[in-house]
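Here is how the chains run, residue by residue.
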Amino acid sequence: MSLVKVGQLAWRNLWRQRRRNVTMLVALSFAVMGVVFLNAFLRGMTAQMADSAVNNMQGHVKVLQPGYLDDPGIGKSFVLESEWSPEIPAGQMQGWARRVRVPAVIMSERETRGIEFIGIDPAQESISFVADWTIEGEGLQGPDDRRILVGKSLAEQLETVAGRRLVIITQGADGRSREAGYRIAGTYESEFSAVEKLYVFTGIEAAQALLASDAVTEVSVRLTDAKHQPTVLESLIATFIGLNVFTWQTLEPMAAAMMQLSDAMIYILFIIIMTALVFGLVNTVVTAIMERYREIGMLRALGMRASAVLLQVVAESTLIMLLGVAIGTAAGGGLCLWLSDGIDLSAFAEGLEGFGMASNVLVPVVLPGDLAFVVMASVVMGVVASFFPALRAVRLNPLEAMRH
Amino acid sequence: MNTVARCHSVSRIYDDEVAPVHALRNVDFHLERGEFVSLAGPSGSGKSTLLHVIGALDEPTDGSVEVDGVSLDGLKARELSDLRLEKIGFVFQAFNLIPVLTARENVEFIMQLQGIDSASRRERAEEALRSLDLGELADRRPNEMSGGQQQRVAIARAIVTNPVLLLADEPSANLDTNTTKELCELLTRVNQERGVTILTATHDPMVMGYAARQVLLRDGEIADEQRETPEST
């Protein structure tokens, strides 16, 4: 029997129990829509987490002196030629930045706090969140700017404002304690209050002057696409022999682990939701077979082969699954499209900060691979699940079935 | 005349919780090409069992069955299925049409199982329906037809493949007297005009009356056989 006829018969059979099959179809469609939307939500979340991690002055790849992560300071620095720039093919690199980053203590007339004192070239910081901040007062004007940029939260803790002076104490390259007074150029507002309390910026040359060193503690490279990461990593390892070259995943292990967890969550959610639905589908198929015992027996008596009966039953459940997947995928995709401006999650802002998400607006991300997985896996689950009740139909004795 | 079906010493015993049921006991039976034979007898006499054994729907416990020269002994389920499809037409008591298909599609369905191309299928289905005065019902579904009309469509489906044997199990069980008469006349026409060999299992005297040979079964054995001669017609 041709597949077209099998499909035609399956389609008509579906309408015999309209209410039951429409209920099943609606359940399947909702489940698939939910899975598609949840996938897009999780993908959007992980994309945002990854972006935040890279934005957090890590870049995709970072060069550090060995031991810097355990004992950060100017003692774990390296000298960079003044004309140096990464040899990365055009189009692969968004930008790079050199920095001096040391632990320090900051003092106002009233308070003292532990901070990270970071010397930057403001022109290079388009690769990090520094470029996105709202600044009250003035920003840093260049690598030789001797003023400092302080987080709004830290300024509140220190009970100071832009234009006032603060003292920074840190350890110089010679191991001696060094201190200097800096005028506050401006205060910045970050998405993370922890960042505002921790990072204090100045021009890189000003920082080097305080530390009595012309070295840097890190070089950060941001790429146009994460897919270039492995080749750039290899290139930098070859360039900086004796230094450590890390990816952002190594430097932000929590964010990387969350991304992996999200990947697993996508599959776990799919399996939980679809398994429940497949049991419903099996129940529908079993009921349909029981209702059509006599008809199946008659078909077998007329000479319909067991394989054709099997195909017929599987075709019916596959058809309903395909319909559910098609409607659910379209609805899920449509929902994501409708929410493409982002979902406002500001009510959960504190929780999101804990997840390393810089923005309170989450944009769902639909990946073709995820859609393909949902479609393929759903159909395969439907076929496999209906196979067992179909076997029951095949094993029917035609005479007994017709007497049913 | 040559033999279309032959049973030699056929027994059929069903397992039962109380005691084995002997539905057929050493039955010898043969059916010649072009015959119209009715199997008669009270309920439990074995007439349906004999029909099912000849129709390759049931397997004898003992003895041998041949249909159109093919021995059914040792045939696998798939081979029996193919034999039913190619050589035997069935008419069951409860009409047993596929409810989601129209009359024409029901008649075509059996040819689809045989792998006949769509143009031939349609032509043959329409010819079969026309020959049984069902042309106007071709596009109706079973629930849009009366019981008699459904049974006539079932006969059209049974003969459209030109089977060597048409088996009808209590074909008039759900029909009123007038419709039964029409059905019997139709079966007679199919037998005489198309030369289809017909074997019915029935306890309806009207159906028996139309058969040229009546075989009476009692307690699983052939008790009597009457052949209608041209003089007695």
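Cut-offs used in this document
Residues numbered from 1 in each chain as written. Chains lettered and ligands numbered in written order. Predicted model: local features only at pLDDT ≥ 70, side-chain atom pairs only at ≥ 80, totals over all residues. Helix = DSSP H or I, 4+ residues; strand = E, 2+ residues; numbered from the N terminus. Rg over C-alpha atoms; globule rule 2.2 N^0.38 Å. Contact = placed C-beta atoms within 7 Å. Buried ≥ 20, exposed ≤ 12 C-beta atoms within 10 Å, placed from the backbone. Nonpolar A, V, L, I, M, F, W, Y, C, P; charged D, E, K, R; others polar. Core = buried A, V, L, I, M, F, W, Y, C linked by C-beta atoms within 7 Å. Pairing = 2+ DSSP bridges. Axes fitted to C-alpha atoms, helices over the stretch in contact; angles between N-to-C directions. Expected span 1.5 Å × (residues − 1). Domains from an automatic or database assignment.

(A) Structural view of the overall build of chain B. On a plain count of helices and strands, chain B comes out with seven helices and 10 strands. Over its C-alpha trace chain B gives a radius of gyration of 17 Å, about what one expects of a compact globule, namely 17 Å for 233 residues. Along the first, second and third principal axes, the C-alpha atoms of chain B reach 50 × 45 × 40 Å. For chain B, the proportion of contacts with a sequence separation of at least 24, taken over those separated by at least 6, is 70%.

(B) Spotlight on the environment of Glu109 of chain A. Residues and elements named next belong to chain A. With respect to the helices and strands, the residue Glu109 is situated in the loop between strand 2 (93–107) and strand 3 (112–120). Under the C-beta neighbour-count criterion, Glu109 is labelled exposed, with 11 such atoms within 10 Å. Taking the C-alpha atoms as reference points, Glu109 and Leu158, separated by 49 residues in sequence, lie 8.0 Å from one another.

(C) Structural context of the interface of chain A and chain B. At the junction of the two partners, chain A supplies 17 residues and chain B supplies 17 residues. Elements with a minimum of two residues in the side of chain A that touches chain B: helix 1 (3–14), helix 9 (293–302) and helix 13 (398–403) of chain A. The residue inventory of the side of chain A that touches chain B, partitioned by class, reads 10 nonpolar, two polar and five charged.

(D) View of helix 5 (residues 204–211) of chain A. Residue and element names in this part refer to chain A. The element helix 5 is extensively covered by neighbouring structure, given that six of its eight residues are classed as buried. By the burial criterion, the buried members of helix 5 are Ile204, Ala206, Ala207, Gln208, Leu210 and Leu211. Buried residues along helix 5 sit against strand 2, strand 3, strand 6 (165–171), strand 7 (177–189) and strand 8 (199–203). Positive phi shows up at Ala212, right after helix 5, with a value of about 55°.

(E) Fine view of the nonpolar core. Among the nonpolar cores identified, the biggest contains 123 residues, and Ile54 and Ala156 of chain B are the most heavily contacted of them. Ranked by residue count, the leading element in this core is helix 2 (residues 18–58) of chain A, at 15 residues. Excluding its chain neighbours within four sequence positions, the residues that come into contact with Ile54 of chain B are Ala5, Cys7, Val65, Val67, Leu167 and Leu199 of chain B. Core analysis: the next-biggest nonpolar cluster, separate from the first, contains 50 residues, Ile115, Val150, Ala155 and Leu210 of chain A among them.

(F) Region of the structure containing the pairing of strand 3 (residues 36–40) of chain B. All names here are of chain B. Counted residue by residue, strand 3 has five buried out of five residues, so it is predominantly covered. Of the two faces of strand 3, the one carrying Phe36, Ser38 and Ala40 and the one carrying Val37 and Leu39 are both buried. As defined by bridge partners, strand 3 adjoins strand 8 (residues 197–201) across four bridges and the pair is classed as parallel. The residue of strand 8 that forms the bridge with Val37 is Leu199.

(G) Spatial organisation of the sheet that holds strand 2 (residues 21–32) of chain B. Residues and elements named next belong to chain B. Taken in spatial order, the four strands line up as 2-1-4-5 in an open sheet, and their pairing is antiparallel. For this open sheet the edge positions go to strand 2 and strand 5 (70–71), each flanked by a neighbour on one side alone. Relative to strand 5, strand 4 (residues 62–67) runs antiparallel, the two sharing two bridges. In the sheet register, Val67 faces strand 5, and the bridge partner there is Val70. Sitting on the sheet, helix 1 (residues 47–54) touches strand 1 (3–14), strand 2 and strand 4, and the angle it makes with strand 1 is about 120°.

(H) Molecular detail of helix 5 (residues 147–159) of chain B. All names here are of chain B. Over its 13 residues, helix 5 runs 19 Å from end to end, which matches the ideal 18 Å to within 8%, given 1.5 Å per residue. Across the 13 residues of helix 5, 12 count as buried, placing the element largely inside the fold. Buried-residue contacts for helix 5 involve strand 6 (88–91), helix 3 (103–114), helix 4 (118–131), strand 7 (165–169) and helix 6 (177–194).

(I) Local environment of the domain arrangement of chain A. Here chain A is partitioned into domain 1 (3–53 + 256–403) and domain 2 (66–242). A separation of 51 Å is found between the C-alpha centroids of domain 1 of chain A and domain 2 of chain A.

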